[in-house]
Amino acid sequence: MTQAPDPLLQLPPERLQDALRLISFALEEGRSSKDPEQLLAKVCGLIRAAGVPLQRAASIVQLLHAEAVASARFWEHGQGTRSELFPFNEDSGEGYARSPAADVHSTGDWVILWLPDTPDGRYGIVPDLKAEGYTHYIMAPVFMAIGTAGIFSFATRAAEGFSAKDIRFLRAVFPALAASQEVLSTARTLQEVLRIYVGEEPQRRILSGDVHRGEVMRIRSAILFADMRRFTGLTAGMSAEQATGLLNAYYDCIVPPVEAAGGEVLKLIGDGILAIFRAEEDEARTSARALAAARDGLARVSARLDPPQFEVGIALHFGEAAFGNVGSGMRLDYTVIGRDVNLAARVAELCGAKDEPLLVSSGFLQRAGLQGRSLGAQSLKGLQAPEEVFAVSLSP
C-alpha cells in the first residue's frame, strides 16, 4: 500500500518557511496559551501572511460540561474574534446533525465546499455563508485521545476561492493546529469535569497535586447545610426520573443564591447541600453573605408554584471546614470533614424537628450580629457538648 505523500514536503520553499513558522507557533506558544481567542487570531494572521486568502475561521470543541455541549471561537478578517457556547437542551443534536461537523466526524475526511455550486439544503450553514459573500468553505475534524472531538473551519470571499496550493498549505499545518487544540481542550475538560463533580476548590487542589490519602487542608468559613424535609416520603411513589426532577428543582432554589453570594457548593448529598463561604474578609461580612444566601434560597422555595411542593431547612454555623482525601488504595474521595461540618449538618436536621426553616449556631449568631430566638442548648448526635441553637427571621 502506497503511503500518501506528506503535504509539508509538497510545499514550495517560500511556503514551507511560512508553514514551519506556523507549526512552531502552534506547538510552542499555542499549546500553552491562556487566551483561545488571541490564539485563533494569531493562527489566522500567520495563515494570511503565508498568502492564503483566509477571511473566516472557527475552532469548535466538544465539551464535557453540565450546561453546554460545545465551545466555539470565531474569527473574521477585520472583525476580530468572538466566543460562543452551544447550550445543552433538547434541540442540541438538531443543529449538529445539519452541519458539516456531523459528516467530518463520521467520515474522518475534510468537507470542501465550492459554495456557488453547493445547494442551500446541503448544510444549515450554507445559505448564511452565501449571503455573507463567501465562495469557498472547508471544515476538518480533530479527534482527541480522551474520546471528544473538535473541528477547524476556513472560508474565503475570494472570487477564485482557495487554490490547490492554499489547501495543500492548510493540510500541511493542520496536524499542528489539531495538536494545540487537543492540548488546550483536554486541559479545559479536565478542569471542568473535576469542578462539576467535586467543586471549585477541590478541583484546584487535586490538579495542584493534592491526591494522597490523609492530606488535609483547613478553611475558616461560614458553613451552610440545607436539607429537604420529608424527602423519602415525597419520593416514595415517584419514578427515578421524577425524583431526579424534584432534586433538581430543589438545587435550583438553593445553589444559585449560594454562588451569587460568593459561596462554594462542596457537596450535593442526595437531599442535602453543603456549602462554605470563606472568611477571607471580616467574619461578620462573611456571615452576612451566608445569611443572605440562605434567606434568598428559602424565598425561592416559598415562591415555587410547580408541584410537588417541598420544604427546606437551612442551618448556618461558623467554624473550620477540613478538605481531605479519604479512601483506600486507588479509590479516594476528596471530601469535607470535621466537627464544624458535622455540627452544621446536625443543626439542619433540627429544622424539621423544630418546624423552623432557618437555624443558626451561637457562634454564627454572634459573628453575624443577629437577633435570634433561642431554642436552648441542644444535644446533637455525634457531638459531645450541647450547642445552643437559634431560630432566625427569614427577612432582614
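Scroll up a little and you will see the structure.
Since we're looking at a predicted model, the values are computed, not measured.

1. Digging into the side chain of Thr156
Now for step 1: Mapped onto the secondary structure, Thr156 falls in strand β6 (residues 149-156).
Now for step 2: Judged by relative accessible area, Thr156 falls into the buried class, the value being 0%.
Now for step 3: Polar contacts involving the side chain of Thr156 include one to the side chain of Gln55, which spans 3.4 Å.
Now for step 4: Thr156 has contacts with Pro53, Gln55, Tyr134, Thr135, His136, Gly161 and Phe162, leaving out every residue within four places of it along the chain.

2. As for the environment of Gly95
Now for step 1: Positionally, Gly95 belongs in helix α3 (residues 92-97).
Now for step 2: Judged by relative accessible area, Gly95 falls into the partly exposed class, the value being 45%.
Now for step 3: Separated by 291 residues in the primary sequence, Gly95 and Pro386 place their C-alpha atoms 59 Å from one another.

3. Here's the deal with unusual backbone geometry
Among all residues except glycine, the phi angle is most often negative; among peptide bonds, the trans geometry is most common.
Now for step 1: Here the residue pair Pro307 and Pro308 is connected by a cis peptide bond, since its omega of -5° sits within 30 degrees of zero.
Now for step 2: Here Pro308 shows up in the loop between α10 (283-303) and β10 (312-328).
Now for step 3: A positive phi angle, near 55°, is found at Asp355, a position not held by glycine.
Now for step 4: Structurally, Asp355 can be placed in the loop between α11 (339-354) and β12 (358-361).
Now for step 5: Residue class for Asp355 comes out exposed when judged on its relative accessible area of 56%.

4. Some words on the environment of His317
Now for step 1: With respect to the helices, strands and loops of the structure, His317 is situated in strand β10.
Now for step 2: Note: C-alpha distance between His317 and Val360 (43 residues apart in sequence) is 5.9 Å.
Now for step 3: Other than its neighbours up to four places away in sequence, His317 contacts Ser221, Ala222, Ile223, Asp340, Leu343, Ala344, Ser361 and Phe364.
Now for step 4: Reaching out from His317, the side chain makes a polar contact with the side chain of Ser361 at a distance of 2.7 Å.

5. Topic: the nonpolar core
Now for step 1: Formed by 38 residues in total, the largest nonpolar core has its most connected members in Leu22, Ile47, Leu54, Phe154, Phe169 and Leu177.
Now for step 2: Mapped onto this core, the elements with two or more residues apiece are α1 (13-27), α2 (36-49), β1 (56-62), β2 (68-76), β5 (136-143), β6 and α6 (164-198).
Now for step 3: The greatest single-element share of this core, amounting to nine residues, is contributed by α6.
Now for step 4: The residues touching Leu22, leaving out its near neighbours within four places in the chain, are Val43, Leu46, Ile47, Phe169, Val173 and Leu177.
Now for step 5: Counting residues in each nonpolar core, the second largest holds 37 residues, with Cys253, Phe310, Ile314 and Val392 among its members.

6. A word on the pairing of strand β14 (residues 387-391)
Now for step 1: Along β14, four of the five residues are buried, which leaves the element largely enclosed by surrounding structure.
Now for step 2: Direction of pairing for β12 relative to β14: antiparallel, over a ladder of three bridges. Each bridged residue has a counterpart across the sheet, and for Val360 the counterpart in β14 is Phe390.

7. Focus on the side chain of Asp340
Now for step 1: Residue placement: Asp340 occurs in helix α11.
Now for step 2: Among the polar contacts made by the side chain of Asp340, one reaches the side chain of Arg339 at a distance of 3.4 Å.
Now for step 3: Asp340 has contacts with Ile223, His317, Gly319 and Glu320, leaving out every residue within four places of it along the chain.

8. Quick look at the packing of aromatic side chains
Now for step 1: Per the stated rule, a full pass over the model turns up five aromatic pairs.
Now for step 2: Ring centres of Tyr250 and Tyr251 lie 5.4 Å apart, and the angle between their planes is 35°; this geometry places the pair in the tilted category.
Now for step 3: An aromatic cluster is defined as three or more aromatic residues linked by ring pairs; in this entry it consists of Trp110, Phe152, Phe154 and Phe174.
Now for step 4: The side chain of Lys42 reaches across the aromatic face of Phe25, ending 5.9 Å from its centre.
Now for step 5: Between the NZ or CZ atom of Arg171 and the centre of the ring of Trp110, over which it lies, the distance is 4.2 Å.

9. What to know about α10
Now for step 1: Taking 1.5 Å per residue, 21 residues should reach 30 Å; α10 reaches 30 Å between its end C-alpha atoms and fits that length.
Now for step 2: When we look at burial in α10, the residues that qualify are Thr286, Ser287, Ala290, Leu291, Ala293, Ala294, Arg295, Gly297, Leu298 and Val301.
Now for step 3: Looking at the buried side of α10, the elements it contacts are β7 (216-228), α9 (240-260), β9 (272-278), β10, β12 and α12 (362-368).
Now for step 4: One side-chain oxygen at the N-terminal end of α10 lies 2.9 Å from the backbone nitrogen of Ala284; it belongs to Asp282.

10. A word on the pairing of β5
Now for step 1: The buried fraction of β5 is high, at seven of eight residues.
Now for step 2: Examined bridge by bridge, strand β4 (residues 111-114) and β5 share four bridges and lie antiparallel to one another. When the bridges of β5 are listed, Leu113 appears paired with Tyr137.
Now for step 3: Examined bridge by bridge, β5 and β6 share eight bridges and lie antiparallel to one another.

11. Brief notes about the pattern of salt bridges
Now for step 1: All chains considered together, the criterion is met by 16 salt bridges.
Now for step 2: Residue Asp355 pairs with Arg229 through a salt bridge whose shortest N-O separation is 3.1 Å. Separated by 126 residues along the polypeptide, Asp355 in the loop between α11 and β12 and Arg229 in the loop between β7 and α8 (231-235) bring together distant segments of the chain.
Now for step 3: When salt bridges that share partners are traced, they join Arg229, Arg230, Glu311 and Asp355 into one network.

12. Observations concerning a nonpolar patch on the surface
Now for step 1: Taken together, the side chains of Val216, Val326 and Ile337 present a nonpolar region at the surface, about 200 Å² in accessible area.
Now for step 2: Tracing the chain through its elements places Val326 in strand β10.

Parameters and conventions
- Residues numbered from 1 in each chain as written.
- Predicted model: local features only at pLDDT ≥ 70, side-chain atom pairs only at ≥ 80, totals over all residues.
- Heavy atoms only, no water.
- Helix = DSSP H or I, 4+ residues; strand = E, 2+ residues; numbered from the N terminus.
- Buried < 20%, exposed > 50% of the residue type's maximum accessible area, 1.4 Å probe, protein only.
- Polar contact = N/O pair within 3.5 Å; in protein donor to acceptor, adjacent residues only side chain to side chain.
- Contact = heavy atoms within 4.5 Å.
- Core = buried A, V, L, I, M, F, W, Y, C linked by side-chain atoms within 4.5 Å.
- Pairing = 2+ DSSP bridges.
- Phe/Tyr/Trp six-rings, centres within 6.5 Å; stacked < 30°, edge-to-face > 60°.
- Lys NZ or Arg CZ within 6 Å of the ring centre and 35° of its normal.
- Expected span 1.5 Å × (residues − 1).
- Salt bridge = Lys/Arg side-chain N within 4 Å of Asp/Glu carboxyl O.
- Patch = residues over 30% accessible without salt bridge, like charges linked within 9 Å, V, L, I, M, F, W, Y side chains within 5 Å.
- Areas by Shrake-Rupley, 256 points an atom, 1.4 Å probe, with all protein chains shown as cover.

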